[in-house]
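# Residue-level structural notes
Here is how the chains run, residue by residue.
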Amino acid sequence: HMAAFSSKSPTILDKEGHLLCTKGCNPLAETGRSKLQNQRAALNQQILKAVRLRTGAENLLRATTNNKVREQALLELSFVNSDLQILKEELEGLNISVEVYQNTGETFSIPLIPLGLKETKEGDFTIPLKDFILEHYSEDSSDYEDEIADLMDLRQACRTPSRDESGIEMLMSYFIQLGFVENRFFPPTRQMGILFTWYDSFTGVPVCQQNLLLEKASILFNIGALYTQIGTRCNRQTKPGLENAVDAFQRAAGILNYLKETFTHTPSYDMSPAMLSVLVKMMLAQAQECVFEQISLPGIRNEFFTLVKMAQEVAKVGEVYTLVNTAMNQAPVKANIPYSWSNMAKIKSDHYKALAHYFVATLLSDHQLHPSDDEDKQEKAWFQLHDCMPEGLTSLTILRDKVQRKRLGKAHLRKAIVYHEEALRVCGLCKKLRNIDILQEILTVAHKRSLIKYAQHEQEDDFLSLMEASSVLPKTEHKVEMIVPEFSKVKVKDFFERLGPLPVFSAKQRWTVPRTINFHCQERGLGFTLKGGPPVQVHCLDPECSAALKGLKEGDYIVSINGLDSKWLEVNDVLEKFKSMRENDIEIKVISCQDTMHNKSATYSVGMQKTYSLICLAMEEDKIHETKKATPKLSFLSWGTKNRQKAASTLCLPYAVAGSSQTKKKMDSRLTVLDTESSLY
């Protein structure tokens, strides 16, 4: 029965190649990725329930003066905080379930880290959109039920995109479609009453807004996350697979960086500028790692210059992972990024640095400078490997002197062993990483290889020759860079194009109700000229002509001619229609532009309206009312070390003081609202 469902996202295009509709993967399919995403959705609901309980206990603690009630509230807080910590650890376990996303073939590669998709609630925008079409555009909203249904189907499909290019195209098409929807239905002066809910992919805490830009930002995040899943799925044992992996991670970095620069005040930790900066670094590091694997795929020849190149290439991978690990351990990212991710970055940093020292040790111990060798070329290559030489030695001395060469080679082996042991130690301390068998195996094999090579050159007087090896300078001939998203390549048809050309028929423009003008052509012509288009506009109106006497005004837009829609007609098309009806009465419908609404305030970098954030989720039947008094800037939910030590803390979740509005309706459930116009970071 399950085999009847396709795992792909079928795409339907119109004759011009525009995307019409598409379907996501079957959410009930028993695949590893769907199971993982279903577990994430279930955890989000449990976290939501626990947050509601904690919010109620905190509100009770603030409101009561009874000591017995306070003790009960503190006990409840202690229990709920402990429960939240357990749920957070379970969510972290899902974020490090890297084996689910890796290529299913036999591979011997260190796992890469993908991002999980953000979860959202089902929503129905039908009533608000139909009301707006009737009110703003003065059209029969029932005529647009199919378009609204197509929009809802596309949103639903985007919750379960396929892990391939068709899934990326579907998410991008919805993102572009949201741009059309934003311009047509979201005026800058008021809210539409549509509540968008998305769950933080790291904390599981829901964020709700009546702002379409939360939806757009979350879709962008999921596009980046899907690219990471495509990258980890590639077969890294083949050249095409590695090329695709590098491309996918570069595109993921480009999308996440675009999100960071475009939506600068997102009210969710996973989309904060600080977190996105770290994620961009991590994706570029994984791309650089795949570049090294691509270079070493044919095998590494035991030749002097090849080993020099490989040492610097792998040192570059170690360097970028060092930067990633440093960034992950900085506030405010450290409190929310999975602990196992920062450990993985530390492990990879040490592992690849160890490989760099191993390659240098191999070129020193396995090769000697022969008379036939190009001494200057080897000296130059060796000089580029280090920023400093051991005291009293020069590059030529090391290359010519067999004893010094051997001593320095052993020094590099010792350093490689130290790095290998540190990587194994960090891996052993992290429960999540300790259970990844392939990671343990790769680290152990590399460590043993260095130990075996060191044992081959070991002597009894080794304690007398403790030369210190300098670090290997990183260098790459294949620098990875972000690939800027190319939305223009995705052909998307505006679902609501029947409303008229978007520059004119948008939510920012306001018009009069369509007026019907019945007139007839005179011998000298229409009595007016037309300009612009589409739609065409009345110009140079003769006040004595038949149309003017019936109410036509200069500047009116013609939207209908004898019952036929004319919003998309050019001037020549309209004149042809008038010419064909010269002997008959002509009925046109016109509208007059009243004014243009402007957005006077923005919390997003691209003109986002004033927003508010809900830390907890209101019941769907509750209405969200604006509060007149904003709270001071407070941090979002945090499960840091301090919270574990002080389980009954009441300072972890922000709260808002209710305004004095008499129309304020009490919410059903113990929820807390954060109403702020300031940025999270």
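Residues numbered from 1 in each chain as written. Predicted model: local features only at pLDDT ≥ 70, side-chain atom pairs only at ≥ 80, totals over all residues. Heavy atoms only, no water.

## Here we look at the overall build of the protein
Along its length, the protein carries 18 helices and 14 strands. Expressed as a percentage of the 681 residues in the protein, the buried residues total 52%. Here the contacts in the protein between residues at least 6 apart in sequence split such that 76% fall between residues at least 24 apart. Surface exposure of the protein reaches about 32200 Å², of which carbon and sulfur atoms provide 51%. (Helix = DSSP H or I, 4+ residues; strand = E, 2+ residues; numbered from the N terminus. Buried < 20%, exposed > 50% of the residue type's maximum accessible area, 1.4 Å probe, protein only. Contact = heavy atoms within 4.5 Å. Areas by Shrake-Rupley, 256 points an atom, 1.4 Å probe, with all protein chains shown as cover.)

## A look at the state of the cysteines
In protein structure, a disulfide is the covalent linkage between the sulfur atoms of two cysteines. Overall, the coordinates contain zero disulfides when judged by the stated rule. Unpaired in this structure, C234 has its nearest cysteine sulfur neighbour in C290, at a distance of 8.0 Å. For C234, a relative accessible area of 11% corresponds to the buried category. C430 provides the cysteine sulfur closest to C427, a residue in no disulfide bond, and the two sulfurs are 7.5 Å apart. (Disulfide = S-S within 2.5 Å.)

## Here we look at the packing of helix α8 (residues 273–296) against helix α9 (residues 304–328)
Following both chains from N to C, one finds α8 and α9 inclined at 165°, their axes separated by 9 Å at the closest point. As judged from the angle between their axes, α8 and α9 are roughly antiparallel. As for the relative orientation of α8 and α9, their crossing is left-handed in sense. Note on element contacts: α9 touches α8 through M310, E313, V314, K316, V317, V320, Y321, V324, A327 and M328, opposite V278, K281, M282, A285, Q286, Q288, E289, F292, I295 and S296. Its residues assigned to classes, the contact of α8 with α9 shows 13 nonpolar, three polar and four charged. (Axes fitted to C-alpha atoms, helices over the stretch in contact; angles between N-to-C directions. Parallel < 35°, antiparallel > 145°, perpendicular 65-115°, else oblique. Left-handed = near helix turned anticlockwise from the far one by under 90°. Nonpolar A, V, L, I, M, F, W, Y, C, P; charged D, E, K, R; others polar.)

## Section: the nonpolar core
F185, L279 and F496 are the most contacted members of the largest nonpolar core, which has 137 residues in total. In terms of residue count, helix α10 (residues 339–365) provides more of this core than any other element does, 14 residues in total. Residues in contact with F185, not counting those within four places in the same chain, are L129, F132, I133, Y137, M192, F496, L499 and A507. Core analysis: the next-biggest nonpolar cluster, separate from the first, contains 23 residues, A548, V574, F578 and V590 among them. (Core = buried A, V, L, I, M, F, W, Y, C linked by side-chain atoms within 4.5 Å.)

## Focus on helix α17 (residues 571–580)
Three or more residues of α17 are buried, namely V571, V574 and F578. The buried residues of α17 all sit within an arc of 70° when viewed along its axis, so they share a single face. Of the exposed residues in α17, those oriented more than 90 degrees away from the buried face are N572, E576, K579 and S580. In this structure, the buried residues of α17 make contact with β6 (515–519), β7 (529–532), β8 (536–539), β9 (557–561) and β11 (586–591). (Arc of directions from axis to C-beta.)

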